[in-house]
Amino acid sequence: DTAVSQTPKYLVTQMGNDKSIKCEQNLGHDTMYWYKQDSKKFLKIMFSYNNKELIINETVPNRFSPKSPDKAHLNLHINSLELGDSAVYFCASSQYYGYTFGSGTRLTVV
Amino acid sequence: RKEVEQDPGPFNVPEGATVAFNCTYSNSASQSFFWYRQDCRKEPKLLMSVYSSGNEDGRFTAQLNRASQYISLLIRDSKLSDSATYLCVVTKASNYQLIWGAGTKLIIKP
């Protein structure tokens, strides 16, 4: 059983479109995250939710909107996609310092 | 200055050699330290935590120098399968949020 699963694995879309990425964890962790890893491989946190409550919201355009319907799910919706949004997006969950990552969603905006 | 800095490499090392790399952090109040490993096109995975007294896990040794604010990773008898990017991770003093270095790329050559 996959501990942190995110879908889709690959996403190719045109500029201006709206897309969503879904994430689910079955580890019982309280905290979930979205990270962005760009072409320079730098892993940067975007959002963090603890028990469905937003606790970290880094400087991210408001075209990005996370949604956590329950503590096992954290989805990411992106409006009006831009070329610069192309990156790999990782979902993760943690309990204290034990982080587990999903396998990533490679988003390509054309 | 970045909160966590690493030499991006790549470090090209012959199989069987010993390799070491460091990571420096800017916040002297940082509490916990980790090394993660990320294979190409994969998610980061925890390699080892770094304890104040230094710790070893098989061929891997991690050290923490609080006075100089750096952590190190030593890999002995390197294997081809050690080829990856090694990410230095430091926690913020106030919460469990992880601050990630950009990674050091290691290539082990036969």
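See the structure above.
Because the structure is a prediction, the values reported are computed rather than measured.

Draft legend 1. Region of interest: the overall build of chain B. Along chain B, the regular secondary structure elements total zero helices and 11 strands. Shown N-terminal to C-terminal, the secondary structure of chain B runs as helices and strands in the order β-β-β-β-β-β-β-β-β-β-β. In terms of overall size, chain B behaves like a compact globule, its C-alpha atoms giving a radius of gyration of 13 Å where 110 residues would be expected to give roughly 13 Å. The dimensions of chain B, computed from C-alpha atoms along their principal axes, are 45 × 30 × 20 Å. Sequence separation of 24 or more characterises 57% of the internal contacts of chain B that already satisfy a separation of 6 or more. Looking at chain B as shown, the accessible area adds up to about 5400 Å², and 48% of this sits on carbon and sulfur atoms.

Draft legend 2. Representation of the pattern of salt bridges within the structure. All names here are of chain B. Applying the stated criterion across every chain, the model contains seven salt bridges over all chains. The shortest N-O distance in the salt bridge between D39 and R37 comes to 2.8 Å. Look at D39 and you get partly exposed, because its relative accessible area is 30%.

Draft legend 3. Structural context of unusual backbone geometry. With an omega of 0°, the peptide bond between T7 of chain A and P8 of chain A qualifies as cis. The residue P8 of chain A is located in the loop between β1 (4–7) and β2 (10–13) in this model. Put simply, G9 of chain B and P10 of chain B share a cis peptide bond, and its omega is 5°. The backbone of D77 of chain B sits at a positive phi, close to 45°, despite the residue not being glycine. Along the chain, D77 of chain B falls in the loop between β8 (70–75) and β9 (84–91). Accessibility expressed as a relative area gives 38% for D77 of chain B, which makes it partly exposed.

Draft legend 4. Summary view of the nonpolar core. All names here are of chain B. Residues F21, W35, I71, L73, I75, Y86 and L106 are the most contacted members of the largest nonpolar core, which totals 23 residues. The set of elements that each furnish at least two residues to this core consists of β3 (19–25), β4 (33–38), β5 (44–50), β7 (60–65), β8, β9 and β11 (104–109). Not counting residues up to four positions away in its chain, the partners in contact with F21 are F11, W35, I71, S72, L73, I75, Y86, T104 and L106.

Draft legend 5. Highlighting the interface of chain A and chain B. Contacts between the two partners involve 16 residues from chain A, matched on the other side by 16 residues from chain B. Where chain A abuts chain B, roughly 1600 Å² becomes buried across the two surfaces, and 58% of that area is made up of carbon and sulfur atoms. Taken together, chain A and chain B are joined by zero salt bridges. Split into classes, the residues belonging to the side of chain A that touches chain B amount to 10 nonpolar, three polar and three charged.

Criteria and thresholds
Residues numbered from 1 in each chain as written. Chains lettered and ligands numbered in written order. Predicted model: local features only at pLDDT ≥ 70, side-chain atom pairs only at ≥ 80, totals over all residues. Heavy atoms only, no water. Helix = DSSP H or I, 4+ residues; strand = E, 2+ residues; numbered from the N terminus. Rg over C-alpha atoms; globule rule 2.2 N^0.38 Å. Contact = heavy atoms within 4.5 Å. Areas by Shrake-Rupley, 256 points an atom, 1.4 Å probe, with all protein chains shown as cover. Salt bridge = Lys/Arg side-chain N within 4 Å of Asp/Glu carboxyl O. Buried < 20%, exposed > 50% of the residue type's maximum accessible area, 1.4 Å probe, protein only. Core = buried A, V, L, I, M, F, W, Y, C linked by side-chain atoms within 4.5 Å. Buried area = accessible area lost by both parts, 1.4 Å probe. Nonpolar A, V, L, I, M, F, W, Y, C, P; charged D, E, K, R; others polar.

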